[in-house]
Amino acid sequence: MNTIANLNGVQLELHENGFGGCELRLCPLAKVSDRVTQRSGVQSRPECRTSNPGVLKPDSMVQVKIAKDSMDFGFLSGVTMQDSRTTHGLQFIESKRVLATENTYEQIVTVLVNPDSCVHVSHHIEATPVEGTLRLWSSVTNIGDEPIELEHLSSFVLSGVTPFAPDDAAGRVRLHRFRSWWSNEGKYENELLEDLHLVRNWQGNMLINERFGRVGTQPIRKYFPFLALEDSEAGVFWGAQLAWAGSWQMEVTRRADKVSISGGLADYEFGHWMKVLQPGETMVSPKAHVACISGRLDDLTAKLVELQEALLPEPPQVEKSLPVIFNEWCTNWGAPGHDKTIALAKRLQGSGVRYIVIDDGWAKRPPEATMQSNGDWIPDLDKFPHGMKATCDALREMGFIPGVWFEFEVCNPGSRAFEEEDHLLKRRGRVLTVGTRRFWDLNDPWVVDYLDDRMIRFLQENGFGYLKVDYNDNIGIGCDHADSFGEGCREQVEGIYRSFKRLKDKVSELVIENCASGGHRLEPSMMALTDMSSFSDAHESTNIPIIARQLHHLIPPRQSQIWAVLYPDDSVERFMYSLTATFYGRMCLSGPVHDLSDSQMTLVHKAVALYDKVAPIIKSGTSHYLGETPQNWRDPQGWSGICRISRHSGEALVVIHEYENSGLSVGDIELPLDGDWCIESMLTDATTVEPDFYEGSRLSFSSGRPWRGYVLYLKRGPGDI
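The sections below set out a description of the structure shown in this document. Because the structure is predicted, anything quoted here is derived from the model rather than measured. (Residues numbered from 1 in each chain as written. Predicted model: local features only at pLDDT ≥ 70, side-chain atom pairs only at ≥ 80, totals over all residues. Heavy atoms only, no water.)

## Considering the overall build of the protein chain
- Of the regular secondary structure elements, the protein chain holds 13 helices and 41 strands.
- If you line up the protein chain on its principal axes, its C-alpha atoms span 80 × 70 × 45 Å.
- For the protein chain, buried positions account for 63% of its 721 residues.
- Long-range contacts, defined here as pairs at least 24 residues apart, represent 70% of the contacts in the protein chain between residues at least 6 apart.
- Working note: accessible area of the protein chain is about 26000 Å², and carbon and sulfur atoms make up 48% of it.
- Taken as two groups, the 72 positive and 98 negative side-chain charges of the protein chain have centres that lie 1 Å from each other. (Helix = DSSP H or I, 4+ residues; strand = E, 2+ residues; numbered from the N terminus. Buried < 20%, exposed > 50% of the residue type's maximum accessible area, 1.4 Å probe, protein only. Contact = heavy atoms within 4.5 Å. Areas by Shrake-Rupley, 256 points an atom, 1.4 Å probe, with all protein chains shown as cover. Lys, Arg positive; Asp, Glu negative; His and termini not counted. Charge placed at Lys NZ, Arg CZ, Asp CG, Glu CD.)

What follows is the structure in structure tokens.
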């Protein structure tokens, strides 16, 4: 069998794997040379250089393991849960095309069954609104009479993505990932398979792998749930991004000269996940966003980000123009109040700021607490003596939309909620406490009612239109559940999803910000439930432009909220460095703006006015990367930037930042533009930026001074600054 289908600009091949099941291969439909096409994953299984080629077991298009399975030969226990007896026993039943309807996209569904293990597996490949991308997921149903202990289920497996000949394998295949730590999100890395020691052994039939991921409820820490594999000779990329806010894993596997990639929920070994499927019960995996392109990594990540954008629900009406936010956290540092808020609003009138967000500190705290006393959510009437509604009403009368901070999924010491042990997550019978936080059981009806009263009713009655949802710790491997800690974690994530959906359903036109100590939830499922996300907690550091630029690879810029914390003693260069960094995404201002000089406030007004002009490009454009990402983000050297070109008009946005020893000089920057362009508007402290768009689309710089930022708004045709 060699079933071929073209779906959404990707060529799919389902190959019979010789063991009753199927393997899935993808190839871009973009025209490339015959040599490239033949070597980028569309031909049959490669020849294995071994005395017994029959031992080479191709990878199934679905990986599934139940507890009673023994693992395949090859020292796999503790390394991977692929190649189980259940997987090898899957038998192909049918592959069918399901046509699109008004509310769904076209699918190819492949049915596999293992009668000995009593599992029925459906593998789904779904077209999307973005050519060259697909969504993949799997489901498994217990068709037996006894419960099944499910320990592993993949969302996607792409097999044989590089069936190159053994004699030219070395130095050809690269793994691309993005690392992440707190306030340093999105560090790009790429490695040869040889550098990962994924090198065939003398026999050639052993599976070797690189398994990585994240455990818990902060999915973006150490790695983003993203993977790309490149055949550098063919110029082809295969990439995937998981849409899941809990424990996840991805794997690169190699057997002889055949490489596959896969991913899904963290399995029993990696994430302590096991689910007991009762007779007739079905388990559905998280969805994976997948793309296959001929080109560069930038082209692949652009496709996956465009797919995220295309799947976003319709935003509240106010969000369509990407309004500017002011958050008072770096102004009051946990001590907001009515008078302080109104004073800020008066200072910001006429600036173009639309949202004013009251951050942590509005609720009562016990005497020993200095910040983040969550759980009871009783307004502090010493700070807001007329109640929160009076503050919200005053803000709305001044033309602002009031916002407020909640960390609703947790509670802290000193609150009554902290002692509600019957309604908090537990592990081994003890209340799960991480740092100073305990976690509500979001599947408990009592907790749902409690949050309806303390949060949703509070938002409704006081007239808040903006909600910042923070989440500052992680439940780790999970919590008590009859099946496993990992299943407890998975069900808590489902409860998180329902909580966010409930907020949207109950509070009309509510704008929600997704924050998890900054950027620990920057993955597609949470992005789709919220209107924007905190890009990082790097509020005042010099690495802000670096992180913001990197995240163009991973999330839609129109959802990436970037802070500019402004101080009256900032130099002109530093002031502009901060303001211009917000043009990588959503502009959010903070800091003691009431102490800014009139000339500094004039710069703020100018920046917001320019931001309003370029917001459509941020909202719908294609990013091209300028310069090089610094290796040292603490003390960055050089310069970097983007050129973002509108998808709908002859407009472009250029954002550039200089760090230490930038080395910028005349003619350094050539933009990816064709035709005649002009600088319509510019934001910078410099006077030494000169366009040269009629000879190679170049920008000229002459300063080379550190810590400077530049924003240029470009249009086709002649014009003036």
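Past the structure itself, the notes keep going.
## Some remarks on the packing of aromatic side chains
- Scanning all chains against the criterion turns up 22 aromatic pairs.
- Ring geometry for Trp362 versus Phe458: centroids 4.7 Å apart, planes at 15 degrees, classification stacked. One end of the pair, Trp362, is in the loop between strand S22 (353–358) and helix H7 (388–397); the other, Phe458, is in helix H8 (residues 445–462), with 96 residues separating them in the sequence. Taken individually, Trp362 and Phe458 each receive the classification buried, so the pair is uniform in this respect.
- Through pairs of rings, three or more aromatic residues link up here, namely Trp362, Trp377, Trp405, Phe406, Phe458 and Phe464.
- Over the aromatic face of Phe485 sits the side chain of Arg427, whose NZ or CZ is 6.0 Å from the ring centroid. (Phe/Tyr/Trp six-rings, centres within 6.5 Å; stacked < 30°, edge-to-face > 60°. Lys NZ or Arg CZ within 6 Å of the ring centre and 35° of its normal.)

## Considerations on H7
- Residues Met388, Thr391, Cys392, Ala394 and Leu395 constitute the buried set of H7. The arc enclosing the buried residues of H7, seen along the axis, measures out at 160 degrees, which places them on a common side.
- Where the residues of H7 are buried, they touch helix H6 (338–348), S22, strand S23 (401–406) and H8.
- Two residues or fewer after H7 comes Gly399, characterised by a positive phi angle close to 95 degrees. (Arc of directions from axis to C-beta.)

## Overview of the nonpolar core
- Counting residues in each nonpolar core, the largest one holds 93 residues, and the members touching the most others are Leu26, Leu158, Trp362 and Leu459.
- Residues contacting Trp362, with those up to four places away along its chain left out, are Pro336, Trp377, Pro379, Asp380, Phe384, Met388, Val404, Trp405, Phe406 and Phe458.
- In terms of nonpolar packing, the next biggest core, distinct from the first, is built from 68 residues, Ile546, Leu566, Met587 and Tyr611 among them. (Core = buried A, V, L, I, M, F, W, Y, C linked by side-chain atoms within 4.5 Å.)

## Some words on unusual backbone geometry
- One non-glycine residue with positive phi stands out, namely Asp83, at about 65 degrees.
- Phi is positive for Leu322, close to 55 degrees, though the residue is something other than glycine.
- Judged by its relative accessible area of 2%, Leu322 is buried.

## So, the side chain of Glu407
- Tracing the sequence through the fold places Glu407 in the loop between S23 and strand S24 (410–411).
- Glu407 gets classed as buried once you look at its relative accessible area, which sits at 0%.
- Engagement of the side chain of Glu407 in a polar contact is seen with the backbone nitrogen of Asn472, the distance being 2.8 Å.
- If near-sequence neighbours (up to four positions away) are discounted, Glu407 is found in contact with Gln372, Asn374, Trp377, Arg437, Asp470, Tyr471 and Asn472. (Polar contact = N/O pair within 3.5 Å; in protein donor to acceptor, adjacent residues only side chain to side chain.)

## Observations concerning the side chain of Ser60
- Within the secondary structure layout, Ser60 lies in the loop between helix H1 (34–38) and strand S4 (64–66).
- A polar side-chain atom of Ser60 sits 2.7 Å from the main-chain carbonyl oxygen of Val62.

## Comments concerning the sheet that holds strand S41 (residues 708–716)
- Spatial ordering of the open sheet is given by S34-S35-S36-S41-S38, a layout of five strands whose pairing is antiparallel. Either end of the sheet is taken by a strand with one partner, and the two such strands are strand S34 (621–627) and strand S38 (677–683). Mean inter-strand twist for the sheet, computed between neighbouring axes without regard to direction, equals 20 degrees.
- Relative to S41, strand S36 (residues 651–658) runs antiparallel, the two sharing eight bridges. Paired with Ile656 across the strands is Tyr710, a residue of S41.
- Packed on one face of the sheet, helix H12 (residues 572–581) meets S36, S38 and S41 and runs near 50 degrees to S41. (Pairing = 2+ DSSP bridges. Axes fitted to C-alpha atoms, helices over the stretch in contact; angles between N-to-C directions.)

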